[in-house]
Amino acid sequence: MQERLTPEQMVTDESFINFCFGKNKEDINRWTSYLAQFPDEKEAIEEARKMVLGISYMFIEQDRIHALDELKSTVRLKYTQNEVPLTRSRISGKSIIKYALAAMLAGAILFAGMRFSGEQQTPAQGADAAHLHESLLFETGFGETKTVWLPDSSKVILNAKSLLTVDKDFGSGNRKVHLTGEALFDVSPMKDLPFLVTLKQFNIKVWGTVFNVKAYEEDEVLEAALLTGRIEIINNTNNNRFFLDPNKKAIIPMKKKAGADTAPHYKEPSFIPYIAPLLLNSKDHSATDTSWIQGKLDIFDKTFEEIKTELERMHGVQIVFKDEAVKQYRFSAAFEKESIAQILKALQLSYPFTFSIDQKLITISK
Amino acid sequence: MIPNNEELEKFYELHGKYYHHFVAIGLKYGWSIEDLKDIISQMFLDLIEKNIQIATIAHPKAFLTTVFRRKLIDNARKNNKESGLRQQISYLSATEEYENYRFEEDSELQKKIQTAYAKLPPRCRKVIFLTFYRGLSTEEIRRQLGLSSRTVYNNLFEALKLLRTSISKRDVVPAFLLLYYF
């Protein structure tokens, strides 16, 4: 290292950040010898170091406050027993949304205006009686997943853009939750109190089991994939019901295809399920339906149009197709931590299409 | 098993007290601030679940530090963080002298940084966030945002310049820093 550097130049060097964190011996040596070479640069190094530590401190402190609140609500929810009504030590639904929103905002780097001065949101404890019988809400934003422990030790992992409502009497009178979006349920068995997932059109009655439900408002189909145990799917309007066996998945058409009602042979959605076996990942034999838990995206013979919404949810972007033909391209692929740009580049290897990224808007054309 | 309130309060107190300490250890082993938030929460939930009587432990900081280091190793194993894992294991037996680095709170400096950060143009804020919170390299940011390395570098540089100007205003002697210089 021959030339002298300004504090800004130092901070843009990754090795300098490592040096500040005491992370890497080589980097520490590198900057120690820089100081030995230019002893009069001590002040500049100090200034750069102050920036690295100061910025990090800001983020850590921000996290610390949120993490503590989240820890408290998780503990409260997990250990509140049946005889103590959930609602007594409840966290007000609104403040949970606030956390979720706050987390989303932080993720979206929009928290510029937030103050860090320790004005943390404390869950409303002494809420008045009128609010005591509210349900609990858990919400996730774009690209966010969240684990919720229910008081009966059941675990629910919410995928991006989903909302789980826990009934106010959960644990004492019933075990009822409402879902929009996608979630994996690991329900602990309880003979006399069946676990019920209510959806817009269907209910799922659970008898101790692991299953994944995908019921986004905007999706054409509802999907319920059963890994172990047994679930019963009930149509709310006509009370038709059927059981699903393990390693099977029910796919229920919920919506007309966009623009399909103008097509000559258009029929209203039937709500009649068809059952398919679960697709397994060839590498580790895990079900592709639950790969989102590991932040993975497994695509097996899906059209671009079907993949679009998943990508939008995962990456918080909006995708627009310029050409109809592109929508019908079919892909099979598996992604893990790739960025949206990398995913699109990989998909380009199968079909030639072009895309442009402008902030959050992605335009795809032939 | 329901943990009693006193125990829980003790855990919450320790969480608040040593959060920065844990993050400082984790950063050293190559984790990002974002990763560490989850790992720390996970650790506390596990301790509560196992019904550890934290109040009976004479040196909670040393105890929690050991638990935390083990948690880091478990997580590194899970995520196949090979290089980090080796480093973490070799450090596990290391003495406390390795922990000389820590974050000091300087509220004056914090206020300045927060205000300056909030005023940054969004593109600058984004690279600062990705660099420091997510712990991404310029190359990773470039791929994630689909920008050129030059643009990423320029945004970062501009952000740092703006931050530096606002920090150094009326703050000639960075007194608190001298405390932990080497």
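Reading the values: the criteria
- Residues numbered from 1 in each chain as written.
- Chains lettered and ligands numbered in written order.
- Predicted model: local features only at pLDDT ≥ 70, side-chain atom pairs only at ≥ 80, totals over all residues.
- Helix = DSSP H or I, 4+ residues; strand = E, 2+ residues; numbered from the N terminus.
- Buried ≥ 20, exposed ≤ 12 C-beta atoms within 10 Å, placed from the backbone.
- Contact = placed C-beta atoms within 7 Å.
- Axes fitted to C-alpha atoms, helices over the stretch in contact; angles between N-to-C directions.
- Parallel < 35°, antiparallel > 145°, perpendicular 65-115°, else oblique.
- Left-handed = near helix turned anticlockwise from the far one by under 90°.
- Nonpolar A, V, L, I, M, F, W, Y, C, P; charged D, E, K, R; others polar.
- Expected span 1.5 Å × (residues − 1).
- Arc of directions from axis to C-beta.
- pLDDT = per-residue confidence, 0-100.
- Pairing = 2+ DSSP bridges.

Trainee: Which parts of the structure should I look at to understand the overall build of chain B?
Mentor: Within chain B, the regular secondary structure consists of 9 helices and 0 strands. Taken from the N to the C terminus, the helices and strands of chain B come in the order α-α-α-α-α-α-α-α-α. For chain B, the residues scored as buried account for 31% of the 182 residues in total. Restricting to contacts in chain B with at least 6 residues of sequence separation, those with at least 24 account for 69%.

Trainee: I would appreciate a short explanation of the overall build of chain A in the present structure.
Mentor: Per the secondary structure count, chain A includes 9 helices and 18 strands. A burial count over chain A gives 33% of its 366 residues as buried.

Trainee: For this particular structure, what's the right way to read the packing of helix H7 (residues 138-145) of chain B against helix H8 (residues 149-168) of chain B?
Mentor: Residue and element names in this part refer to chain B. The contact between H7 and H8 brings their axes to 9 Å, and the two run at 110°. Judged by the angle between their axes, H7 and H8 are roughly perpendicular. Helix-helix and strand crossings are classified by hand; for H7 and H8 the assignment is right-handed. The residues of H8 that touch H7, namely those facing Thr138, Ile141 and Arg142, are Ser149, Val152 and Tyr153. Of the residues in the contact of H7 with H8, the class split is 3 nonpolar, 2 polar and 1 charged.

Trainee: Would you explain the interface of chain B and chain A in this entry?
Mentor: One frequent convention defines the size of an interface as the accessible area lost when the parts assemble. Taken residue by residue, the interface counts 49 residues in chain B and 40 residues in chain A. For the side of chain B that touches chain A, the secondary-structure elements that each account for two or more residues are helix H1 (5-28), helix H2 (33-49), helix H5 (107-119), helix H6 (122-133), H7 and H8 of chain B. The greatest single-element share of the side of chain B that touches chain A, amounting to 9 residues, is contributed by H1(B). Tallied by class, the residues present in the side of chain B that touches chain A amount to 31 nonpolar, 10 polar and 8 charged.

Trainee: When you look at H2(B) in this model, what are you seeing that I'm missing?
Mentor: A turn of α-helix holds 3.6 residues, and therefore any two residues three or four places apart point the same way. With 17 residues, H2(B) should cover 24 Å at 1.5 Å per step; its first-to-last C-alpha distance of 24 Å lies within 8% of that length. Those residues of H2(B) that fall on the buried side of the exposure criterion are Ile33(B), Leu36(B), Lys37(B), Ile40(B), Met43(B), Phe44(B) and Ile48(B). Take H2(B) and look down its axis: the buried residues cluster within an arc of 135°, on one side only. Check the buried side of H2(B) and you find it contacts helix H4 (42-79) of chain A together with H1, helix H3 (60-78) and H6 of chain B.

Trainee: Just checking my understanding: could you explain the confidence of the model for chain B for this structure?
Mentor: Low pLDDT means the predicted coordinates in that region are not meant to be read closely. Residues and elements named next belong to chain B. Across chain B, pLDDT averages 80, with 76% of residues at or above 70. Contacts for the low-pLDDT stretch residues 93-101, under 50 throughout, to residues beyond four places or in other chains number 5 contacts. Scored as a whole, the predicted complex attains pTM 0.50, and scored at its interfaces, ipTM 0.85.

Trainee: Explain unusual backbone geometry to me, please; I cannot follow it from the model alone.
Mentor: Glycine aside, a negative phi is what most residues show, and trans is what most peptide bonds show. Residues and elements named next belong to chain A. Positioned with a positive phi, lysine 161 is a non-glycine residue whose angle comes to about 55°. Positive phi, close to 60°, is recorded for asparagine 247, a residue that is not glycine. Tracing the backbone shows asparagine 247 in the loop between strand S11 (241-244) and strand S12 (248-253). Exposure remark for asparagine 247: the 13 C-beta atoms within 10 Å place this residue in the partly exposed category.

Trainee: When you look at the sheet that holds strand S17 (residues 354-358) of chain A in this model, what are you seeing that I'm missing?
Mentor: Within a sheet, adjacent strands bond to each other through the backbone by hydrogen bonds, running parallel or antiparallel. Residue and element names in this part refer to chain A. Ordered in space as S15-S18-S17, the 3 strands form an open sheet in which the pairing is mixed. Each having just a single partner strand, strand S15 (318-321) and S17 make up the two edges of the open sheet. Pairs of neighbouring strands in the sheet enclose a mean axial angle of 20°, with direction left out of account. As defined by bridge partners, S17 adjoins strand S18 (residues 361-365) across 5 bridges and the pair is classed as antiparallel. Within S18, the position partnered with phenylalanine 355 by the bridge is isoleucine 364.

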